[in-house]
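# Analysis of the macromolecular model
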Amino acid sequence: MPLPLLLDTDPGIDDAMALLFALASPELELLGVTTVFGNVPVEQTARNALHILDAAARPDLPVVAGASQPLARPPWPRGKFHGVDGLGNLNLPPPARSPAQWPGGAPGFIADTVLARPGEVTLIAVGPLTNLAQALQRQPRLPGAVRQVVLMGGAMFCPGNITPVAEANIFHDPEAARQVFAAGWPLTLVGLDVTMQTCQTPDDLEAISRVDTPAARFITRILPVYLESYRTYHNMDVVPTHDPSAIAFALDPSLFSVQRMPVYVETEGRCAGQVVADPRRQWSPLPEIDVCTGVDSRRLLARFHARLGLQAGSRRA
Ligand code: BDR
Ligand code: CA
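### A word on the side chain of Glu266
- Along the chain, Glu266 falls in the loop between strand E9 (256-265) and strand E10 (275-277).
- At 5.1 Å, Arg178 is the nearest oppositely charged side chain to Glu266, a buried residue that forms no salt bridge.
- Those residues in contact with Glu266 that lie beyond four places of it in its chain are Pro174, Arg178, Cys271, Ala272, Gly273 and Gln274.

If you want it as structure tokens, here you go:
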């Protein structure tokens, strides 16, 4: 039986890769997509999600738009890391359909979908955590009804990517992250500690560009801008596999080593958005979550590439 899945996302180039990865995985049954502000404004993330579903020929799946700003602070000024449109400057025309209207928007859709199938639905979030926090506020029975929650976010034992200590998804709404971590649901964090170890090279991009599947064709169009941004802003000639790693965790947790530990989300001052791990339990009581601390990146990338249609060994050594 495929795993029923909800994806909360802010597409975003790596979000697009995550969504296409999920759609290409028969072990997963995507029930819908909710979108949040983040890489671009929420109206644009919803449009982008619709475009990605169109590229994958899945116009049947609902996209529900959610939060346009953080819970308790003004939004951070936007960058162009993922292109002006969030999809590698494709500048696509408006999608053929509009986002679905749902009572309570994305938080309502998340709560209703999870509660309709108690104990079954996996919730994956790869953007700021505002929709999840609002879903929790709306439906206190949510933590007991979800199967598992997998989040791309945080930098526990490595530098941040938006400040020296903060990862972008947590930084964009630290108050929401604090609520989501404290909800007492089965939560796994797939953060920069593992995603920065799982990088695609220009050779990978070249190999993907030779594959004739809808997912590979779409990624070939958007990935160059992401690679250029990593070159420009991070002096790296590779792209980390952030959001697809959360999908990989849902597909096969054995790709990762996981440690359970208390965590604290800083919301004040220059360290706002930092997720502090407290493995020695010196500040307890703090919420305890599962944190991915290691990854078999070769196996993860092999699985991702296979799902895009790459033949084993098609990448140059
Ligand atoms: C995360 O931030 C966003 O820019 C990416 O889409 C990813 O979800 C990485 O820090
Ligand atoms: Ca994202």
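Still to come is the rest of the account.
### A look at the nonpolar core
- If you look at the biggest cluster of nonpolar residues, it comprises 62 residues, and the most contacted ones within it are Ile124, Phe218, Ile219, Leu223, Tyr226, Ile247 and Phe256.
- Top element by residues in this core is helix H10 (residues 214-234). It accounts for 10 residues.
- Those residues in contact with Ile124 that lie beyond four places of it in its chain are Leu5, Leu6, Leu7, Asp8, Val150, Ala246, Ile247 and Ala250.
- Core analysis: the next-biggest nonpolar cluster, separate from the first, contains 38 residues, Leu6, Leu115, Leu142 and Val291 among them.

### Re the pairing of E9
- Note that E9 and strand E11 (residues 288-295) share seven bridges and pair antiparallel. Residue pairing for E11: Pro262 is matched across the bridge by Glu288.

### Digging into the coordination of the calcium ion (ligand 2)
- For the calcium ion (ligand 2), the protein coordination sphere consists of Asp10 (OD), Asp15 (OD), Asp15 (OD), Val126 (O) and Asp243 (OD), at 2.3 to 2.7 Å.
- Counting gaps between the donor residues of the calcium ion (ligand 2) yields the pattern D-x4-D-x110-V-x116-D. Pair noted here: Asp10 is in the loop between strand E1 (3-9) and helix H1 (13-23) and Asp243 is in helix H11 (residues 242-251), with a separation of 233 residues, a long-range link.
- When its relative accessible area of 1% is taken as the criterion, Asp10 is described as buried.

### A closer look at the sheet that holds strand E6 (residues 187-190)
- Taking strand neighbours across the sheet as the criterion, the nine strands line up as E3-E2-E1-E4-E5-E6-E11-E9-E10 in an open arrangement whose pairing is mixed. Since the sheet does not close on itself, it has two edges, and those belong to strand E3 (63-65) and E10, each with one partner. Recorded for the sheet is a direction-independent mean angle of 30° between the axes of neighbouring strands.
- Both E9 and E10 contribute to a ladder of three bridges, which runs antiparallel. From the neighbouring strand, Val265 faces E10, where its bridge partner is Val275.
- Packed onto the sheet, H1 meets E1 and strand E2 (28-35) and runs at close to 155° relative to E2.

Calculation rules
Residues numbered from 1 in each chain as written. Chains lettered and ligands numbered in written order. Predicted model: local features only at pLDDT ≥ 70, side-chain atom pairs only at ≥ 80, totals over all residues. Heavy atoms only, no water. Helix = DSSP H or I, 4+ residues; strand = E, 2+ residues; numbered from the N terminus. Buried < 20%, exposed > 50% of the residue type's maximum accessible area, 1.4 Å probe, protein only. Lys, Arg positive; Asp, Glu negative; His and termini not counted. Salt bridge = Lys/Arg side-chain N within 4 Å of Asp/Glu carboxyl O. Contact = heavy atoms within 4.5 Å. Core = buried A, V, L, I, M, F, W, Y, C linked by side-chain atoms within 4.5 Å. Pairing = 2+ DSSP bridges. Donors = N, O, S within 2.8 Å, 3.2 Å for Na, K, Ca; no water. Axes fitted to C-alpha atoms, helices over the stretch in contact; angles between N-to-C directions.

Keep in mind that these numbers describe shape and distance, not what the molecule does.
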